[in-house]
Amino acid sequence: MTLPAGAGGPAGVGAPVAAPAPSQVERERQLYRQQRGRRSVVVSVVSTLVVVALVWVGVVSTPGWAAVQRSFFDPQVAWETLPDILLGLWLNVRILFAASIGVAVLGTLLAVVRGLRSPVFFPLRMLATGYTDLFRGLPLIIVLYLVGFGLPGLGVFPRLAPEFWGTIAIVLTYSSYVAEVLRAGMEAVHPSQRLAARSLGLSHAQTLRLVVLPQAIRKVTPALMNDFVSMQKDVGLVSILGAVDAVRSAQIAQAEQTNFTPYLVAGLLFVLISLPLIRVTDAVARKQQQREQIGGTV
């Protein structure tokens, strides 16, 4: 007796098996989900348009809207001042790049020092703790004044550009935040991971570098990315030291045009460079939440 292909036996070995067709109940469920999804999209779009229309009508109907429109939303002024503000924004981007490297290095060192358990490292732990407490409590604008005007006033440093001192102030401030985030991630790694690594012959430094830090960074990636988004905004504060960045360029243009539209242009440019990372941060946080919900390793 010969068996047909796919029914078992030698002739059916390796033959693809067709997926069973969904039942009538499953097809009805899929149709219902599709209808609900389309209806949700329509409701979301309509409700958003209604809210935007109400807000717009409420704003334009105010007595001072015409004056505000001339002062903050002048398209001609925006177009004329855009090149200078873009040139200043390039300085902000360079400061952000340099500060990110400095914050990553110094923040990691602080987190590692605060995690040392040996009594011999007690003075280093106290210094790291005092550093993080101090710079997490000081407003960034005060740190900028102290670093940007205080350190050059000592007379021991060569004459340096204000953006250099602004970068130093940002690194000092944000390293304290990143250090605490990393330390929280390191402490969240289960002690058995350290013990297992040491039992395999890894040194303390190797355990930290190969086992603890990779897991810690994975746990706190969304928080670190949020700190980076905040730093993207705060690089605009270097303008108070005299650096001609986007904010300073907008201030100069505002004085020349007697119009506040350049500030709006600078603000929109900062939003544009922040949006990609904001979306990536949301995606990483969502993926991490899904992994936790299905019982995966975080």
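Everything below is about the structure shown above.
Fair warning: this is a prediction, and the values are worked out from it, not measured in the lab.

(A) A look at the overall build of the protein. Counting secondary structure elements, the protein contains ten helices and zero strands. Each helix and strand of the protein, ordered N terminal to C terminal, gives the series α-α-α-α-α-α-α-α-α-α. Since a compact globule built from 298 residues should have a radius of gyration of about 19 Å, the 29 Å found for the protein marks it as more spread out than a globular shape. For the protein, the spread of C-alpha atoms along the three principal axes comes to 100 × 70 × 30 Å. Burial status across the protein gives 30% buried among its 298 residues. The long-range share in the protein, meaning contacts at least 24 apart out of those at least 6 apart in sequence, stands at 74%. A distance of 13 Å separates the average location of the 25 positive side-chain charges in the protein from that of its 15 negative side-chain charges.

(B) Region of interest: helix α6 (residues 162–188). With 27 residues, α6 should cover 39 Å at 1.5 Å per step; its first-to-last C-alpha distance of 39 Å lies within 8% of that length. The largest bend in α6 amounts to roughly 25 degrees and is located at Y174.

(C) Region of interest: the packing of helix α4 (residues 122–137) against α6. Packing of α4 against α6 leaves a shortest axis separation of 8 Å and a crossing angle of 115 degrees. Handedness of the crossing formed by α4 with α6: left-handed. On α6, the residues touching Y131, T132, F135 and R136 of α4 are V171, L172, T173, S175, S176, Y177, A179 and E180. A breakdown of the residues in the contact of α4 with α6 according to their chemical character gives six nonpolar, four polar and two charged.

(D) Highlighting the nonpolar core. Core analysis: the biggest nonpolar cluster contains 45 residues, and I85, I170, M186 and M231 have the highest contact counts within it. Secondary structure elements with two or more residues in this core: α3 (75–114), α4, α5 (140–153), α6, α8 (204–234), α9 (246–257) and α10 (261–293). With eleven residues, α6 is the largest single contributor of residues to this core. Non-local contacts of M231, meaning those with residues more than four positions away in its chain, are made with L96, A99, S100, V103, I170 and Y174.

(E) Structural view of a nonpolar patch on the surface. Residues V68, F72, F73, F260, Y263, L264 and L268 make up a contiguous nonpolar surface patch of roughly 580 Å² in combined accessible area. At the level of elements, α2 (65–72) and α10 are the ones that each hand at least two residues to the nonpolar patch. By residue number, the principal contributor to the nonpolar patch is α10, which donates three residues. Mapped onto the elements of the fold, L264 is located in helix α10.

(F) Structural context of the pattern of salt bridges. Under the defined criterion, the tally for this structure stands at six salt bridges. Two residues, R136 and D133, come together in a salt bridge whose shortest N-O distance is 3.5 Å. Of this pair, R136 and D133 both sit in helix α4, three residues apart, which is roughly one turn of the helix. For R136, a relative accessible area of 36% translates into the label partly exposed.

What counts and how
Residues numbered from 1 in each chain as written. Predicted model: local features only at pLDDT ≥ 70, side-chain atom pairs only at ≥ 80, totals over all residues. Heavy atoms only, no water. Helix = DSSP H or I, 4+ residues; strand = E, 2+ residues; numbered from the N terminus. Rg over C-alpha atoms; globule rule 2.2 N^0.38 Å. Buried < 20%, exposed > 50% of the residue type's maximum accessible area, 1.4 Å probe, protein only. Contact = heavy atoms within 4.5 Å. Lys, Arg positive; Asp, Glu negative; His and termini not counted. Charge placed at Lys NZ, Arg CZ, Asp CG, Glu CD. Expected span 1.5 Å × (residues − 1). Bend = angle between axes of the 7 residues up to and from the residue. Axes fitted to C-alpha atoms, helices over the stretch in contact; angles between N-to-C directions. Left-handed = near helix turned anticlockwise from the far one by under 90°. Nonpolar A, V, L, I, M, F, W, Y, C, P; charged D, E, K, R; others polar. Core = buried A, V, L, I, M, F, W, Y, C linked by side-chain atoms within 4.5 Å. Patch = residues over 30% accessible without salt bridge, like charges linked within 9 Å, V, L, I, M, F, W, Y side chains within 5 Å. Areas by Shrake-Rupley, 256 points an atom, 1.4 Å probe, with all protein chains shown as cover. Salt bridge = Lys/Arg side-chain N within 4 Å of Asp/Glu carboxyl O.

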